[in-house]
Amino acid sequence: LQALCVLLWQSTSYFIKVRKVSERYLPKEVFAINTRNPEGMNQFGVLMQGVCMATDAGQYTSLSETISPLELHKVINDYYGTIFPRVKGRKGRISDVIGDAMLAVWAAPKIDEKLRLNACHAALEIKSALVRFNEDSEYPLATRMGLHYGQMRLGNVGAMEHYEYRAVGDTVNTATRIEGLNKELGTRILVSAPVIEGLQGFFHRELGTFLLKGKTQPITVFELIGTIDEISNLDPNWPQLAEKFSQAIDLFKTKEWEQALVLFRKINNDFPGDGPTQFYINYLHNRLSTFSENSGNDHAVIIDVGNI
């Protein structure tokens, strides 16, 4: 009887440890369902509505060439130790991590505005936390983020003896492409129109409509700058810059190319270093000769990033 009690205690203790470790890889409910039906893991998945956030750290590739794997391991763990709490603190879920790239999701079976609110707040909090991280770190990592809202399937992906729990769908792919657009625009946080439309309390600006690499449908993209309450503390020039930029974008939309270029150049003189402004100056300068009133069409105001 004593031996049986010891064995039972050891088994219970082991199961508790397994449960604690598994919860760092899988949500509790997923672990419970899969342990009840391990043979049906390939079928497990739920269709959700929500936001996908894709992040990527600049300079990571060059950093991996200059420091040892042990050093890199510590840097990237410290880096994710800064990001993950902001995601989970805003009720998000880490879907995937590959090197310096992370995918996080805020998802529910039904449409819920709180998902978009939490995702946007998390992105801004990550941005602020990484400022402090980069100030203290010997190896700073400038991070770009892309957010998109839509349908996704959360479930097991894999076959045979290996599965991973992650989000799948066009929402994930689009978020990744939006993240990559930051490189072209010189921005840090980009969100799609479905993410930001109708949300109150955020300061943002429309950057235009883009046909992202590998996509067939264009998407309107916004730069998420901060909350309304904190924007004056970030930079008192932001409201004026955003207003002028909006005027220039309106000229671009109406195909008034020359006037738009003049205004973008004036913005660049008044607010030097603004990435989106410099992007449009270069884009219009290079493409202006191909534009004409007769050849213009509705797609002329859509920027094909894949061809830049």
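See the structure above.
All figures in this text were calculated on a predicted structure; none of them were measured in a lab.

Caption draft 1: Layout of the overall build of the protein. Broken down by element type, the protein carries 11 helices and 9 strands. In the protein, which comprises 308 residues, the proportion classed as buried is 44%. Intrachain contacts of the protein at a sequence separation of at least 6 include 67% that bridge at least 24 residues.

Caption draft 2: Helix α10 (residues 257-270), seen in detail. The terminal C-alpha atoms of α10, which comprises 14 residues, lie 20 Å apart, in line with the 20 Å expected from a rise of 1.5 Å per residue. Within α10, burial applies to W257, A260, L261, L263, F264 and I267. Down the axis of α10, the buried set is contained in an arc of 165°. They therefore lie on one face. Residues of α10 that are exposed and point over 90 degrees away from its buried face: V262 and N269. Where the residues of α10 are buried, they touch α9 (238-253) and α11 (275-287).

Caption draft 3: Broad picture of the packing of α9 against α10. The geometry of α9 relative to α10 is characterised by a closest axis approach of 8 Å and an angle of 160° between their N-to-C directions. Classified by the interaxial angle, the pair formed by α9 and α10 is roughly antiparallel. The interaxial crossing formed by α9 with α10 has left-handed handedness. Taken together, the residues of α10 that come into contact with α9 (itself represented by L241, K244, F245, Q247, A248, I249, L251 and F252) are W257, Q259, A260, L263, F264 and I267. Looking at the contact of α9 with α10 residue by residue, the classes come out as 11 nonpolar, 2 polar and 1 charged.

Caption draft 4: Spatial organisation of the pattern of salt bridges. With the rule as written, the count across this model stands at 10 salt bridges. Between K74 and D78 there is a salt bridge, and its shortest N-O distance comes to 2.8 Å. In this pair, K74 and D78 are both assigned in helix α4 (residues 69-89), 4 residues apart and thus about one turn of the helix distant. Judged by its relative accessible area of 54%, K74 is exposed. The salt bridge partner of D274 is R205, with a shortest N-O separation of 2.6 Å.

Parameters at a glance
- Residues numbered from 1 in each chain as written.
- Predicted model: local features only at pLDDT ≥ 70, side-chain atom pairs only at ≥ 80, totals over all residues.
- Heavy atoms only, no water.
- Helix = DSSP H or I, 4+ residues; strand = E, 2+ residues; numbered from the N terminus.
- Buried < 20%, exposed > 50% of the residue type's maximum accessible area, 1.4 Å probe, protein only.
- Contact = heavy atoms within 4.5 Å.
- Expected span 1.5 Å × (residues − 1).
- Arc of directions from axis to C-beta.
- Axes fitted to C-alpha atoms, helices over the stretch in contact; angles between N-to-C directions.
- Parallel < 35°, antiparallel > 145°, perpendicular 65-115°, else oblique.
- Left-handed = near helix turned anticlockwise from the far one by under 90°.
- Nonpolar A, V, L, I, M, F, W, Y, C, P; charged D, E, K, R; others polar.
- Salt bridge = Lys/Arg side-chain N within 4 Å of Asp/Glu carboxyl O.

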